[in-house]
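The residues making up each chain are set out below.
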Amino acid sequence: MGIGQNTRKMLTLLGMVALVAALALTTGCGGSDDADVETDPEAAMDGAGDAVETVPEPVTPEEPVEAVPAPDYSAMQPAEFGVEDIFFAFDQYDLDDIAMASLARDARILREHPEVIVLVEGHTDERGTVEYNLALGERRALAVRDYLVSLGVSTSRLRVTSYGESRPFALGSNETAWAKNRRAHFARP
Amino acid sequence: MRSLLHAIVLCGLILAPVAWAQGVPDVTLQATQTAFAKIDILIGTLDVLSGGMPAVDSASLLETTIARDLEFSGLFRVGLLESQAARDSLNLEFAIRGQVEGPVRDAQQTGGDQPTTISLDLVTHAGGQLMLNKRYRPLPEQTTATAHHFANQVVEMLTGEPGIALTRVVFSRGSGDRRDLYAVDYDGENLLRLTANRTLNLCPAWKPDGSEIAFTSYNSGMQGLYSLATATGKVRKVIQQDGLNLGANWHPDGTEILVSLSRGGDPEIYRVAPDGEILRRLTAMQSIEISPCWDPAGRDLVFTSDRTGTPQLYIVDGDGAGRRRLTFEGRYNDSADWSPDGERIVYATRQDEYTQLVLIRATGEDRRLLTDARWRNCEDPSWAPDGRHIVFASDRNGTFKLYVMDVVEGDARQLTFGDEPDITPAWSRQ
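Owing to the predicted nature of the structure, the values given are computational and were not obtained by experimental measurement.

Engineer: How would you explain the overall build of chain A if you had to name every residue and give the values?
Structural biologist: Helices and strands together make up the secondary structure of chain A, namely 7 helices and 4 strands. Of the regular secondary structure in chain A, the N- to C-terminal order runs α-α-α-α-β-α-β-α-β-α-β. Out of the 189 residues belonging to chain A, those deemed buried represent 48%. Across chain A, every contact between residues at least 6 apart in sequence was considered, and the portion connecting residues at least 24 apart equals 77%. Here chain A displays about 9100 Å² of accessible surface, and carbon together with sulfur accounts for 56% of that area.

Engineer: Tell me about unusual backbone geometry, residues and numbers included.
Structural biologist: In terms of backbone geometry, most residues other than glycine have negative phi values and most peptide bonds are trans. Residue and element names in this part refer to chain B. With a phi close to 55°, serine 291 is a non-glycine residue in the positive phi region. Topologically, serine 291 is positioned in strand β18 (residues 289-294). Even without glycine at this site, aspartate 366 takes up a positive phi of about 60°. Topologically, aspartate 366 is positioned in the loop between β24 (354-361) and β25 (368-369).

Engineer: Describe the packing of aromatic side chains, with residues and values.
Structural biologist: This model, assessed by the stated rule, comprises 10 aromatic pairs over all chains. Pairing Trp375(B) with Tyr403(B) gives two aromatic rings, centres 5.3 Å apart and planes at 90°, and the pair type is edge-to-face. One end of the pair, Trp375(B), is in the loop between β25 and β26 (378-383); the other, Tyr403(B), is in strand β28 (residues 401-406), with 28 residues separating them in the sequence. Like Trp375(B), the residue Tyr403(B) is buried in the burial classification. Grouping aromatic residues by their ring pairs yields a cluster made of Trp375(B), Phe392(B) and Tyr403(B). The ring of Tyr163(A) carries Arg167(A) above its face, with NZ or CZ at 4.3 Å from the centroid. Over the aromatic face of Trp375(B) sits the side chain of Arg396(B), whose NZ or CZ is 4.3 Å from the ring centroid.

Engineer: Tell me about the pattern of salt bridges, and name the residues and values.
Structural biologist: In total, this model carries 32 salt bridges over all chains according to the counting rule given. A salt bridge links Arg168(B) to Asp185(B), with the shortest nitrogen-to-oxygen separation between them at 2.9 Å. Separated by 17 residues along the polypeptide, Arg168(B) in strand β7 (residues 168-175) and Asp185(B) in strand β8 (residues 178-185) bring together distant segments of the chain. The partly exposed category is assigned to Arg168(B), whose relative accessible area is 21%. Because the salt bridges share partners, they merge into one network encompassing Asp125(A), Arg127(A), Glu175(A) and Arg182(A).

Engineer: Give a description of the interface of chain B and chain A that names residues and reports values.
Structural biologist: Facing 36 residues of chain B, the contacting portion of chain A comprises 26 residues. Per-residue buried area on chain B facing chain A is highest for Met222(B), Ile288(B) and Tyr332(B); these three make up 20% of the total on that side. Taken together, the connections running from chain B to chain A amount to 2 salt bridges. Linking Arg139(A) and Asp306(B) is a salt bridge whose minimum nitrogen-to-oxygen distance equals 2.8 Å. Scanning the region where chain B abuts chain A turns up 11 residue pairs in polar contact (both at pLDDT 80 or more). Put simply, the parts of the chain that give the side of chain B that touches chain A at least two residues each are β10 (201-206), β12 (222-229), β14 (245-250), β18, β22 (333-338), β23 (344-351), β26 and β30 (422-427) of chain B. Tallied by class, residues from the side of chain B that touches chain A come to 14 nonpolar, 13 polar and 9 charged.

Rules used in this analysis
Residues numbered from 1 in each chain as written. Chains lettered and ligands numbered in written order. Predicted model: local features only at pLDDT ≥ 70, side-chain atom pairs only at ≥ 80, totals over all residues. Heavy atoms only, no water. Helix = DSSP H or I, 4+ residues; strand = E, 2+ residues; numbered from the N terminus. Buried < 20%, exposed > 50% of the residue type's maximum accessible area, 1.4 Å probe, protein only. Contact = heavy atoms within 4.5 Å. Areas by Shrake-Rupley, 256 points an atom, 1.4 Å probe, with all protein chains shown as cover. Phe/Tyr/Trp six-rings, centres within 6.5 Å; stacked < 30°, edge-to-face > 60°. Lys NZ or Arg CZ within 6 Å of the ring centre and 35° of its normal. Salt bridge = Lys/Arg side-chain N within 4 Å of Asp/Glu carboxyl O. Buried area = accessible area lost by both parts, 1.4 Å probe. Polar contact = N/O pair within 3.5 Å; in protein donor to acceptor, adjacent residues only side chain to side chain. Nonpolar A, V, L, I, M, F, W, Y, C, P; charged D, E, K, R; others polar.

Structural measurements only, silent on function.
Here it is in structure tokens:
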């Protein structure tokens with residue numbers, strides 16, 4: 001990888017900071033149970049930019065940010081700087097409220113790092129056939145890409161592929177494992 | 001059930017004139033029903049004329065391989081000469097006998113392998129009347145193939161059906177980031193790895209003449225359709241469009257390939273030339289269109305579409321016209337494979353918590369489940385060229401391995417073994 005142990009730790013730390021900042025932005029309006037702008041699908045789609053402006057600036061610890069040079073995000077896995085995977089219901093590819101809230105945060109992070117290109121991988125659980133799962137995985141990845149584009153992420157930065165059931169994140173033939181495997185995963189292309 | 005009746009009727013037609021001539025129609029009817037299309041055959045001990053122990057070993061290999069091939073055909077009951085009990089339970093009609101003549105000087109003296117002369121006969125058991133004689137001069141490593149060849153000749157002569165003893169199955173083995181293509185003989189022997197490119201290789205499809213295997217592979221995370229030349233192992237790219245490049249199926253004449261391409265949107269079915277040129281788009285829907293398979297005549301194709309909200313099987317002609325829906329039962333049907341005689345289609349369906357296999361007539365009638373929950377999941381069925389056997393992947397023992405099933409009798413045998421998952425098998429056409 002060419003990244004030293006210390007640098008990696010710093011990057012991870014920075015990623016955590018970015019994640020904390022992102023979380024602070026999205027939940028800043030109040031409790032997570034409130035119907036705030038980020039969990040309302042319509043509002044998230046139409047006015048994500050407004051939402052960012054109306055929330056108060058988060059208190060961000062400044063020292064570590066200034067102490068390190070700008071990391072090369074394009075060399076990192078998206079999860080390392082806070083881009084989170086999106087999960088789906090069985091045999092579904094539509095985005096629920098939780099998925100849309102996650103994507104709103106992902107979109108903000110991606111907009112902040114315009115140099116980063118990500119590969120959106122569609123995955124399914126093991127149930128069903130190999131080929132249909134590959135098609136279903138692609139639908140999930142495309143649903144995620146399209147939603148990110150609607151939130152202002154350039155389509156040219158989002159590559160899409162599907163692995164179907166081929167590369168599970170969790171092994172096991174139970175709902176716990178299956179739920180983890182029905183996802184759109186962000187990877188470095 | 002219908003094919004069973006069909007077989008009994010056929011048997012009756014063949015044997016009836018004999019029975020009438022003997023004037024014992026009742027007895028004959030009973031005999032045909034219990035015998036049910038199975039032919040009882042004795043495998044004799046081959047005579048070894050020269051060649052010492054290597055020739056004795058060859059003879060033994062020939063006997064066991066021919067016996068197994070005839071048993072695996074599903075059309076014979078086989079008796080071996082050394083088993084009196086087994087022979088007594090059979091109504092032997094035919095016998096195989098022969099001679100093995102090994103080289104007098106062995107490889108160490110001659111500096112190279114010498115061929116063995118093998119003569120194999122099919123005779124009637126009662127009168128010893130010669131029905132078929134074949135002479136071979138194989139090198140030692142060709143002995144098994146010689147046995148397969150002779151077994152095919154016997155099957156074809158006595159049943160009119162093509163033998164499958166020289167066919168192979170190609171499949172995908174592995175897990176996680178890597179799955180490689182492997183090929184194995186139809187009896188589980190001669191496992192051979194075909195790819196080693198550190199990525200996922202899936203859904204292989206034989207060109208009908210066996211010279212190429214088209215398959216889906218990933219390069220930097222992106223799918224493409226590739227083709228492997230079986231003689232050289234060389235791989236070339238057929239087509240790589242944005243999105244899915246999946247589900248290759250060769251036209252029976254080998255001149256073009258069916259494939260699903262999504263090109264950034266929903267997957268649709270296309271006909272492409274072997275060099276990747278797109279010849280024709282066959283579907284145009286806002287839904288998933290995948291898993292195409294030609295009928296053996298190359299006129300119509302069956303494929304999967306979820307245009308109604310659930311994946312179902314449809315049939316269209318080669319221009320994409322004349323669409324009709326094949327499946328109405330079940331909310332999840334996929335992976336259709338059209339039988340070599342064009343009469344039936346085997347596919348996978350979600351049944352309760354598992355994926356099971358179904359046999360249906362191409363007309364949509366006579367739907368019949370081939371597997372049950374004891375099999376857990378069964379996926380990706382592929383017909384043998386005899387139209388009697390299918391190969392498929394099942395995780396009945398925890399890991400997906402390949403199994404071969406006789407769809408007439410329902411019995412099955414495990415084809416591949418080991419810890420790694422084996423999926424997406426395809427049976428060669430010859």
